[in-house]
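Structural characterization, general
Here's the letter readout for the chains.
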Amino acid sequence: MALAAVVDALARRAPMPAAAVSVFDRERVLAAAVHGVADLTTGRPATADCWWDLASLTKVLVTLPEVLALPVPRDRPIGAFWPRAAGRPAGGATLDDLLAHRSGLPADAPFYRELRGAAIVDAALGTPRTEPGPVYSDLGYIILGALVADLTGRSLADLAARRTGLRMGGPVAPAVATERCPWRGRLIVGEVHDENASAMGGAAGHAGAFGTLALVTAAARPWLGATPPCLADNGAGERFAAGWWLHPTRGIGGPRAGTDGFGASGFVGNRIWFEPGRGYGVVVLGNRVHPVRGDRAPFAAWCDELLAAIAASSSV
């Protein structure tokens, strides 16, 4: 079966209300499909112009490139050149420590229950670095997002729009719905799903970006050139580069992943996976948490099937 037909058929079978998939090489989109219902409460269909909550894909599509563009050393403690971090526990971490999740910071913290805005950044900076590493951490990227904004004098929303056209920090439409949020007491449509990012105004280093399938594909394509070097390995099969997860971390490349594969995932039902040796990448956008979050297993199994089918396709 031709690649376009494979992608279309599997997108239609996604175990969530809506899904968008693209397969691309360094020059063009090889196949793309958008199917399903963007909002179950209205029956509105998902279309090519819909905006999707990118969740943790924000880390690699927004925060990572901005950090790499900073004219500061990646191997010095951030407290040495960022006054806000000086003397704070996280101030002893380097940019590479934070990018590769080897800083010793915990995975997450429910700051949103009590704090708002800049107070969340200060709480993250003050969190003790006691976790064995590497531990995939939202806190590290909350810190990196604030660092970028302070050192550039520009908001993350402005930086994202300038570099990729991705949107942050405000309602977008038409958007794909995510969860009926218990904390906010309403269905989330066109605003960030992540609670800490919401409490920070909708734009943070770890979450908050929105993109259409075309914009996310365009933002992902430049990364296809080569596998980034491993900066952290926890000895349990999890390997991290700056931002990206390297094969075989959490199996996100599927059962036929190449040894040079790398990618990232987002909680709401998103994934990017690159196969440099095979010359293609894959973007998956979804809303598996709509209208409520549940078992991740069906989404993971479907991604395995999708990525295996793409790898097997003679069209790639």
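Computed from a predicted model, the values in this text were never measured in an experiment. (Residues numbered from 1 in each chain as written. Predicted model: local features only at pLDDT ≥ 70, side-chain atom pairs only at ≥ 80, totals over all residues. Heavy atoms only, no water.)

The next point concerns the pattern of salt bridges. The full count for this structure, using the stated rule, is 16 salt bridges. Residue R102 is joined to D97 by a salt bridge in which the shortest nitrogen-to-oxygen separation is 2.6 Å. The network of salt bridges with shared partners includes R84, D122 and D150. (Salt bridge = Lys/Arg side-chain N within 4 Å of Asp/Glu carboxyl O.)

Let us now look at the sheet that holds strand β3 (residues 44–45). Ordered by their spatial adjacency, nine strands build an open sheet running β3-β2-β1-β13-β12-β11-β10-β9-β8, and the pairing between neighbours is antiparallel. The open sheet is flanked by β3 and β8 (232–233), the only strands paired with a single partner. Strand direction decides the pairing type here: strand β10 (residues 245–246) and strand β11 (residues 262–266), joined by two bridges, are antiparallel. Its bridge partner being in β11, W245 is matched across the sheet by G263. Sheet strands touched by helix α9 (residues 297–312): β1 (18–24), β12 (270–275) and β13 (280–286). Its angle to β13, the strand with the most contacts, is close to 150°. (Pairing = 2+ DSSP bridges. Helix = DSSP H or I, 4+ residues; strand = E, 2+ residues; numbered from the N terminus. Contact = heavy atoms within 4.5 Å. Axes fitted to C-alpha atoms, helices over the stretch in contact; angles between N-to-C directions.)

Glancing now at the environment of V135. On the secondary structure map, V135 appears in the loop between α4 (118–125) and α5 (138–152). For the pair formed by V135 and S103, sequence separation is 32 residues and the distance between their alpha carbons is 8.1 Å. Among all residues touching V135, those that are not within four sequence positions of it are H101, L105, P106 and A107.

A few words on the side chain of T178. Checked against the element boundaries, T178 lands in strand β5 (residues 177–181). For T178, a relative accessible area of 3% puts it in the buried group. Those residues in contact with T178 that sit more than four places away from it in its chain are D53, L187, I188, H193, V268, V289, H290 and P291. (Buried < 20%, exposed > 50% of the residue type's maximum accessible area, 1.4 Å probe, protein only.)

Moving on, we get to the packing of aromatic side chains. Taken as a whole, this structure holds ten aromatic pairs when the rule is applied. When the ring of Y112 is compared with that of W183, the centres are 4.8 Å apart and the planes differ by 65°; the resulting orientation is edge-to-face. Of the two residues, Y112 sits in the loop between α3 (95–99) and α4 while W183 sits in the loop between β5 and β6 (186–189), which places them 71 residues apart along the sequence. Measuring from centroid to centroid gives 5.3 Å for W244 and F274, while their planes differ by 80°, and the two rings are edge-to-face. Of this pair, W244 sits in the loop between β9 (239–240) and β10 while F274 sits in strand β12, and the two are 30 residues apart along the sequence. Comparing W244 with F274, the two get one shared label, buried. Three or more aromatic residues link up through ring pairs in this structure, and these residues are F24, W223, W244, F262 and F274. If you follow R288 out to its NZ or CZ, it ends over the ring of F267, 4.7 Å from the centre. (Phe/Tyr/Trp six-rings, centres within 6.5 Å; stacked < 30°, edge-to-face > 60°. Lys NZ or Arg CZ within 6 Å of the ring centre and 35° of its normal.)

On to helix α6 (residues 156–163). Taken residue by residue, α6 has L156, L159 and A160 as its buried positions. Down the axis, α6 shows its buried residues gathered within 100° of arc, on one side only. The inward-facing, buried residues of α6 contact α2 (57–68) and α5. Looking at the residues trailing α6, positive phi occurs at G165, about 85°. (Arc of directions from axis to C-beta.)

Within β1, seven of the seven residues are buried, which leaves the element mostly enclosed by the surrounding structure. Of the two faces of β1, the one carrying A18, A20, S22 and F24 and the one carrying A19, V21 and V23 are both buried. The pairing of β1 with strand β2 (residues 29–39) spans seven bridges and is classified as antiparallel. Along β2, the bridge assignment pairs F24 with V29.

Attention shifts here to the packing of α2 against α6. As a packed pair, α2 and α6 sit with axes 10 Å apart at the nearest point and diverge in direction by 95°. It follows that α2 is roughly perpendicular to α6 by the angle criterion. Of the residues in α6, those in contact with V62, P65 and E66 of α2 are L156, L159, A160 and R163. A breakdown of the residues in the contact of α2 with α6 according to their chemical character gives five nonpolar, no polar and two charged. (Parallel < 35°, antiparallel > 145°, perpendicular 65-115°, else oblique. Nonpolar A, V, L, I, M, F, W, Y, C, P; charged D, E, K, R; others polar.)

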